[in-house]
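Chain and residue survey
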Amino acid sequence: RKNDYEQALNKFEKLSDFGDAKPQYNLAVMHYKGQGIPQNFNRAYYWSIISMLYGQRESEILMKNNKKKINDINKVEIESEVKDYLEKAVDEGKAYAVIPLAKWHLTFPKKPDYNNSYLWLSVASALNIANSNKARNSIIKEIKKKDLDKIQNEANEIFNKMVKLKKITQME
């Protein structure tokens, strides 16, 4: 039985690196319940946030339960760690991290950060990620006209960098 948890943990960690929400949720549950690893509400909160951002609905309940069990300082640090994780994935050219990063900017700052969410949704839209056009267009009304040009230029730079990374990766 212990071996089953070890195998599951290894499998879930590998799949989680590819943006798969279900294994991310399973990691959150394992940390929350202490299955195969010592119980750790901080890590459970971390994985439940990531899973929720990748679209796993069950994660929201687990995330709320975890939030009650960790202190505010850890909560903020973990939320920041998730953002760093997503930004690193995008910097490595992992397109599947773009939408979760856009969602992070709407969900975790004290006030939704529409500018950064619009930025990442613009990149997602350029990458032809499903439903990103609709999401981007739904928040454009929140962007001040004076900021729009700068955000769009930055989105273009990020997009070009990601396309270049993808071509380099495909050549290797």
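Residues numbered from 1 in each chain as written. Predicted model: local features only at pLDDT ≥ 70, side-chain atom pairs only at ≥ 80, totals over all residues. Heavy atoms only, no water.

**A closer look at helix 5 (residues 72–91)**
Taking 1.5 Å of rise per residue, 20 residues should cover 28 Å, and helix 5 covers 29 Å from first to last C-alpha, within 8% of that figure. Taken together, the buried positions of helix 5 are K75, I78, E79, V82, L86, A89 and V90. Buried residues of helix 5, viewed axially, fall in a sector of 120°; they line one side. Exposed residues lying more than 90 degrees from the buried face of helix 5 are I73, E77 and K88. At the N-terminal boundary of helix 5, the capping side chain belongs to N71, with an oxygen 3.1 Å from the backbone nitrogen of I73. Taken from the residues just after helix 5, G93 is the one with a positive phi, measuring 85°. (Helix = DSSP H or I, 4+ residues; strand = E, 2+ residues; numbered from the N terminus. Expected span 1.5 Å × (residues − 1). Buried < 20%, exposed > 50% of the residue type's maximum accessible area, 1.4 Å probe, protein only. Arc of directions from axis to C-beta. Polar contact = N/O pair within 3.5 Å; in protein donor to acceptor, adjacent residues only side chain to side chain.)

**What to know about the nonpolar core**
Soluble globular proteins: nonpolar side chains tend toward being buried together. Formed by 46 residues in total, the largest nonpolar core has its most connected members in I49, L53, V82, L86, F108 and W120. Taken together, the elements giving at least two residues each to this core come down to helix 1 (2–16), helix 2 (21–33), helix 3 (41–53), helix 4 (59–67), helix 5, helix 6 (98–107), helix 7 (114–126) and helix 9 (145–171). Tallying contributions element by element places helix 3 first for this core, with eight residues. With near-sequence residues (within four places) excluded, L86 lies in contact with L53, Y54, A97, P100, L101 and W104. (Core = buried A, V, L, I, M, F, W, Y, C linked by side-chain atoms within 4.5 Å. Contact = heavy atoms within 4.5 Å.)

**Points about the packing of aromatic side chains**
Scanning the model with the defined rule gives five aromatic pairs in all. Here the aromatic residues Y46, W47 and Y85 are joined through ring pairs into a cluster of three or more. The residue whose ring lies beneath R43 is Y46, and the NZ or CZ to ring-centre distance is 4.1 Å. Over the aromatic face of F41 sits the side chain of K69, whose NZ or CZ is 5.3 Å from the ring centroid. (Phe/Tyr/Trp six-rings, centres within 6.5 Å; stacked < 30°, edge-to-face > 60°. Lys NZ or Arg CZ within 6 Å of the ring centre and 35° of its normal.)

**Things to note about the pattern of salt bridges**
For the structure on display, the rule yields eight salt bridges. The salt bridge involving E81 is made with R43; its shortest N-O contact spans 3.2 Å. In this pair, E81 sits in helix 5 while R43 sits in helix 3, placing the two residues 38 residues apart along the sequence. A relative accessible area of 31% places E81 in the partly exposed class. (Salt bridge = Lys/Arg side-chain N within 4 Å of Asp/Glu carboxyl O.)

**Points about the layout of surface pockets**
Within this model, the largest pocket holds a volume of roughly 190 Å³. For the lining of the largest pocket, the elements supplying multiple residues, two or more each, are helix 5 and helix 6. With four residues, helix 5 is the largest single contributor of residues to the lining of the largest pocket. Of the residues contributing to the lining of the largest pocket, the split by class is four nonpolar, two polar and four charged. (1 Å grid on protein atoms, 1.4 Å probe; cavity = no way out; pocket = protein on both sides within 12 Å on 5 of 7 lines; lining within 4 Å. Points joined across faces, edges and corners; volume = space filled by probe spheres on them. Nonpolar A, V, L, I, M, F, W, Y, C, P; charged D, E, K, R; others polar.)

**Regarding unusual backbone geometry**
Excluding glycine, most residues fall at negative phi; most peptide bonds, likewise, are trans. Despite not being glycine, N128 shows a phi value in the positive range, around 65°. Along the chain, N128 turns up in the loop between helix 7 and helix 8 (132–139). Here N131, not a glycine, exhibits a phi torsion of approximately 65°, which is positive.

**What about the environment of T107?**
Structurally, T107 is set in helix 6. The spacing of T107 and L53 is 54 residues in sequence and 9.0 Å in space, taken between C-alpha atoms. Among the polar contacts made by the side chain of T107, one reaches the main-chain carbonyl oxygen of K103 at a distance of 2.8 Å.

**Description of the packing of helix 2 against helix 4**
Across the interface, helix 2 lies against helix 4 with an axial gap of 11 Å and an inter-helix angle of 35°. In this structure, helix 2 crosses over helix 4, and the sense of that crossing is left-handed. Only S59, L62, N65 and N66 of helix 4 make contact with helix 2, whose side of the interface consists of Y25, A28, V29 and Y32. (Axes fitted to C-alpha atoms, helices over the stretch in contact; angles between N-to-C directions. Left-handed = near helix turned anticlockwise from the far one by under 90°.)

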